[in-house]
Structure formats: structure tokens, C-alpha cells
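Letter by letter, the chains look like this.
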Amino acid sequence: MPSACDSLIDDIEDMVSASDPTPLERQSARKLIIPRARKRSQKEVTEELQADSLIPGMQKVWMRTWGCSHNNSDGEYMAGQLAASGYRMTEDAGEADLWLLNSCTVKNPAEDHFRNSIKKAQEQQKKVVLAGCVPQAQPRMDYLHGLSIIGVQQIDRVVEVVDETVKGHSVRLLGQKKEKGRRLGGARLDLPKIRKNPLIEIISINTGCLNACTYCKTKHARGDLASYPVEELVERAQQSFQEGVCEIWLTSEDTGAYGRDIGTDLPTLLWRLVEEIPEGAMLRLGMTNPPYILEHLEEMAKILNHPRVYSFLHVPVQSASDSVLMDMKREYCADDFRRVVNFLKEQVPGITIATDIICGFPGETEEDFGQTLALVRQYCFPSLFINQFYPRPGTPAAKMEQVPANVKKQRTKELSALFHSYKPYDHKVGERQHVLVTEESFDSQYYVAHNKFYEQVLVPKRSEFKGKMIEVEVFEAGKHFLKGRPLDDGQLFTPSIATPLAKGQVSGLTQEQTTALANGVQALSSSSSSSLLIGSWSLDREGIKMLGLGLALLAAILAFVLEKIQ
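Residues numbered from 1 in each chain as written. Predicted model: local features only at pLDDT ≥ 70, side-chain atom pairs only at ≥ 80, totals over all residues. Heavy atoms only, no water.

Draft legend 1. Focus on the nonpolar core. Formed by 74 residues in total, the largest nonpolar core has its most connected members in Leu100, Leu250 and Leu344. Ignoring sequence-local partners within four residues, the contact set of leucine 100 consists of Val61, Trp62, Met63, Arg64, Met78, Leu82, Val129, Ala131 and Val158. Membership of the second largest hydrophobic core comes to 18 residues, among which are Ala96, Ala121, Leu144 and Ile149. (Core = buried A, V, L, I, M, F, W, Y, C linked by side-chain atoms within 4.5 Å. Buried < 20%, exposed > 50% of the residue type's maximum accessible area, 1.4 Å probe, protein only. Contact = heavy atoms within 4.5 Å.)

Here you go:
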């Protein structure tokens, strides 16, 4: 009986007939066969790229800003451009892929915080981009070595710097912007921005100043005066009101010097802006040094009396000693400051004058400091910024003979005690005031409003008050605030002419760009420096990303085909 393994074929060679192709012929025929590419699943093609991808525009960015309102405005512009380009701004430093640190160089403590933040970022292996006055003034500092830096006049190129930093490169943009040999104020005012407070627009009217104060490091960063044209500033204000803003802050290193480099002046700008302010909305003027405001006192008094302008002015005196002011190169004397204050108090009833004082400037004697104490007793400034002198590297004051540290500390303490000895707002209790509600208190217990004199008034935290002009009765006064009780018969007035943007929403985008951004698509126009032009086609960051994925897929298919052929 045949076994299960028995076959009807006696030999394997019997399977090949004489008419069958030979092995050599089969090998030749195989070269003409083109294999069909296997279809890849849709899921594989459309898989979302991971967060650690080196493709820029997908990362989370955390930003920290120190310093003045000018610096805060720069921070808002940088955040807006990054968000419009696809980056995700986050308030959680731990989850961020990159830290953008926007620094202040006025005092040593601010720079110390900045330096410590850099160290912390490096310890956590975060990508870092540095901005603001510190790296602009001293880009060769050892602790800045190897890090990306964007200059104060280059903030319109923040996306480029962040893109390259994400890729692992170190980039530095520190140049000045010029047109026909004239230094410009800085980046354009119509750039996208994210307002820290959607109700408040901060507008930098100029950058730099005309002074050469011996203690100031900011001059090294911001340079000489460069003003924005009046019409550009007016257009920025108009756009802000169209986006629901109800309060505008004008800021710069010295607003009083505005326009001297372009043939205009501060009152001319302010009268133009006042024409654009909706009823109930308010304008706050930033810091001005005494020399330049002296020339415009009468016009400034008229403007500060306007119902849509806060009767508030910040005029730093720094010292009441003429000898100290001379060593500081402040270009005025103590009597000039008194003239400004006396005139405005007479012509603008109830005006708030804020000022700054430096304690322990090099060469300051007890007599000099006594004159400063006398000035504070004379005016009882409701808002007084007291600063112990810190020598900033590279400034003339750092080379002067220093007042002993213990003396500086004692004088700072003595001036602070004097400031806290008087109560500037007690006489306001019982008054009825109209206040504009724009912020939330630090303890989140109240809304913060301001009256005509820019005095802080705390009101109940009721959602219907935010962004409204309301009438209150003052029932309590503290050192730095008033508390107001809304009147039962008071009317809520809405100064905003449009619905304010949501917190974190990018300002300055068209409706199409806003929609694209909401859908996760980069919103900057194709004219952006991050776009690529190919013939008549314009590819933005998202287009380049998709083109790259397509080319990678095509290359994989071709490699597969070539492998099979060979």
C-alpha cells in the first residue's frame, strides 16, 4: 500500500516542462514588473505631529515681563505675533517648551530676577529667548552667552527668533530701525497683540529720550528719542476702540519729549487723540520729565481738565537738592519741579501728581536728603515711588563715590515712614464719584475702578460692572485706595463701542485670520517673513508643513518601489 508521502511525480524535475521558461528568462521578465504600492491607512497619513517635533509653530510659549508699561506693551505685541503664527501662549511655565523673558534694566533686583529665571529655564531644559532692556544694553554679559536675543526695536521679528531657537539655533537681533537715515520709534503699531487686559490698550508714543541721566541704564537700551507719527498713533487708538477697549495708556521713557524729533509736540498729539475717545472712555498720560512739560503747561492743564482724560500726571523729581540733580544731569532744578506742580494744582483742581525719589545717590549729603524730605512734607504726594540707589554697571554714577549701604537703607526707611505718616484720601469719604471699572484686585475680592483723578476705587465684584462707568459713594479710605458703594439709582454706562476681545484673543487680525487661528492654522498673512513664495503660490508655515509631509511620503513610496525593482 502506498504511503501518505508517495506522489505520482517521481522527480521534482518532472514539474518543469520543456516549454516552460528557464530561470534566466524568469529573472529577465521580473525586471519588467512594477509592484503596486500598498495603500497607507488614512489614520497614518493624518496623524498629528508630536509636541516635541522640531517643526516651529507647534510649541507652547511662556512669557514673563518685568518693568514699565512700555515693556508690557512690547510683551503684548510679541505674544500676539507668536499666537498669530501658531504658537500656543501658556500661563503655566512648567508645561511650556520655550520661555520668553522680557527684562528690565532699571534696578539691580529686576535684573537679578531675570538672571535667576534664565538659570531656572536652563535647569528645566527649556528653550530660552531673551528680550527687553537688559540684553539690549549688555548683550555680552557672561550669563547671556549662547542664548537667543531679540532687541527692543526688533520685536516685529520675534517669530523668526523663536522659530530658530526651537530648531536649536542661537539668534541675536539687536539692530536699530531707520528710514532715510532717521531712527524710527520701533516696530509697527499695527502688529497683532494680546492685551493683558482686553479693556486697556497700552500705546508707546515714542522710544528713548533726550536726557543723559548719569544713573540710567535704560538709555543704553532704548537710545535717543524716536517718536511715532501722530496719524499712526491715532489709527492705533481707533483700532483699539473698535476692539472694545475703554481705557488707553500712553507710555514711553519720557512722554513730555514726544515729537521733538519729528516737528510736533505732546499737546498736538493729545488733542487729536481726544477727538477719538468715545464718551465714558478714558486716557491716561504716562511719565514726563519736568524740562519738557514746562513748555506746555497751559495746554497740558486744558487737556488734563478734559472729561475723557484722567487728571493725573507722573512727574519724577528724584531729589529736591539742586546739587544732586546736577550730578544726576537731570537738566532742571527743584524750583522747576515746584513750578510744574503748583501750576497744575491751581489750574486742574484735584489733580493727582505722582513722583519718584532716589535715596542715597552718590554724593547726597544729609542736607540734600533733608531738602527732599521737606518737599514731600510740602506736597504730601498721594503716589510716591521710593527707590534706594543701585549703581548700574556702565553708568557714570557707578563710578562716583558711593553713599554707604547702611546710610542708603536708613534714608529709604525714613522717607517711607514719612510717606506712610499722612492719609491723602480721608477727605474723600462721603463723596459721590463716577468711576471706570477695568481690573480685578490682587486678592480677587474686588473690582478695581478709577475716578477722574486716577485714584483707585474698590467696588463690589459684580460681573455687570466690568468695563462700565458707574456712580459710587465713597465709604472708606485707605492709604492707597478708596472703597465705593454703587448707588441704587445709579446708571451703568458702557463706554466701549464694541464687544471687548476675550482674554488671550489676538488683536489686529481680520475675521478670516481669526477664524483660521481658531481652527489651528497660522494666521499671519503670506507677506510675513515666515512665508515662502514659489512662483505665484504663497505658502505660509502650515502650507510648508503639509508640503514637507507630502514630499516625505512620496520619497518613502519611491524608495519602496526602487527596492522591489532591484
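More follows now that the structure is in view.
Draft legend 2. Layout of the pairing of strand S19 (residues 456–460). Of the pairings in the sheet, the one linking strand S18 (residues 446–450) to S19 comprises five bridges and is antiparallel in character. Counterpart to histidine 450 in the pairing with S19 is glutamine 456. Where S18 hands over to S19, the hairpin turn is made up of five residues, of which tyrosine 454 adopts a positive phi near 55°. As defined by bridge partners, S19 adjoins strand S21 (residues 482–486) across two bridges and the pair is classed as parallel. Considered in S21, the bridge of valine 457 is made with leucine 482. (Pairing = 2+ DSSP bridges. Helix = DSSP H or I, 4+ residues; strand = E, 2+ residues; numbered from the N terminus.)

Draft legend 3. Summary view of the confidence of the model for the protein. Scored by pLDDT, the protein comes out at a mean of 86, with 81% of its residues at no less than 70. With pLDDT under 50 throughout, residues 1–18 is counted as low confidence; its partners more than four residues away or in other chains account for three contacts. Note on residues 525–540: pLDDT is under 50 here. Beyond four places in sequence and across chains, it has 20 contacts. (pLDDT = per-residue confidence, 0-100.)

Draft legend 4. Geometry of the pattern of salt bridges. Tallied over the full model, the rule gives 27 salt bridges. In this structure, the salt-bridge partner of glutamate 111 is arginine 392, at a minimum N-O distance of 2.5 Å. Of this pair, glutamate 111 sits in helix H4 (residues 108–123) while arginine 392 sits in the loop between strand S16 (383–388) and helix H15 (405–419), and the two are 281 residues apart along the sequence. Aspartate 190 serves as the salt-bridge partner of arginine 188, at 2.8 Å between the closest nitrogen and oxygen. Aspartate 190 gets classed as partly exposed once you look at its relative accessible area, which sits at 45%. (Salt bridge = Lys/Arg side-chain N within 4 Å of Asp/Glu carboxyl O.)

Draft legend 5. Representation of the sheet that holds strand S6 (residues 172–173) within the structure. The six strands lie next to each other as S2-S1-S3-S4-S5-S6, forming an open sheet whose pairing is parallel. On the outer flanks of this sheet lie strand S2 (88–89) and S6, each paired with one strand and no other. Note: strand S3 (residues 98–103) against strand S4 (residues 127–132), six bridges, orientation parallel. Bridging across to S4, leucine 98 finds its partner in lysine 127. Along the sheet, helix H3 (residues 69–84) contacts strand S1 (60–65), S2, S3, S4 and strand S5 (148–150); its crossing angle with S3, the most-contacted strand, is approximately 155°. Sheet contacts for helix H6 (residues 158–166): S3, S4, S5 and S6; angle to S4, the most-contacted strand, approximately 155°. (Axes fitted to C-alpha atoms, helices over the stretch in contact; angles between N-to-C directions.)

Draft legend 6. Local environment of the sheet that holds S16. As summarised here, the arrangement of the three strands in space is S14-S15-S16, forming an open sheet in which the pairing is parallel. Looking at strand neighbours, the two that pair on one side only are strand S14 (312–314) and S16, the edges of this open sheet. On average, each strand axis in the sheet is inclined to that of its neighbour by 15°, with strand direction left out of account. When S14 meets strand S15 (residues 352–359), the two strands line up parallel, connected through three bridges. Note on S15: the bridge partner recorded for leucine 313 is isoleucine 353.

Draft legend 7. Spatial organisation of the packing of helix H14 (residues 366–379) against H15. For the pair H14 and H15, the least separation of the axes is 10 Å and the interaxial angle reads 15°. What the angle tells us is that H14 and H15 run roughly parallel. Every pair of crossing elements has a handedness; the one defined by H14 and H15 is right-handed. Across the interface between the two elements, Glu366, Phe369, Leu373, Val376 and Arg377 of H14 pack against Val407, Arg411, Glu414, Leu415 and Leu418 of H15. Class assignment for the residues of the contact of H14 with H15 results in six nonpolar, no polar and four charged. (Parallel < 35°, antiparallel > 145°, perpendicular 65-115°, else oblique. Left-handed = near helix turned anticlockwise from the far one by under 90°. Nonpolar A, V, L, I, M, F, W, Y, C, P; charged D, E, K, R; others polar.)

Draft legend 8. Molecular detail of H14. Under the 1.5 Å per step criterion, the end-to-end length of H14 is 20 Å for 14 residues, consistent within 8% with the ideal 20 Å. The elements touched by buried residues of H14 are helix H12 (322–328), helix H13 (334–347), S15, S16 and H15. With its phi angle positive at about 45°, cysteine 380 sits one or two positions after the end of H14. (Expected span 1.5 Å × (residues − 1).)

Draft legend 9. Seen up close, the environment of glutamine 402. As for its placement among the helices and strands, glutamine 402 is situated in the loop between S16 and H15. Ignoring any residue separated from it by four or fewer positions in sequence, one finds glutamine 402 in contact with Pro362, Phe389, Pro391 and Ala397. Here the side chain of glutamine 402 touches alanine 397 through a polar contact of 3.0 Å, landing on its backbone oxygen. (Polar contact = N/O pair within 3.5 Å; in protein donor to acceptor, adjacent residues only side chain to side chain.)

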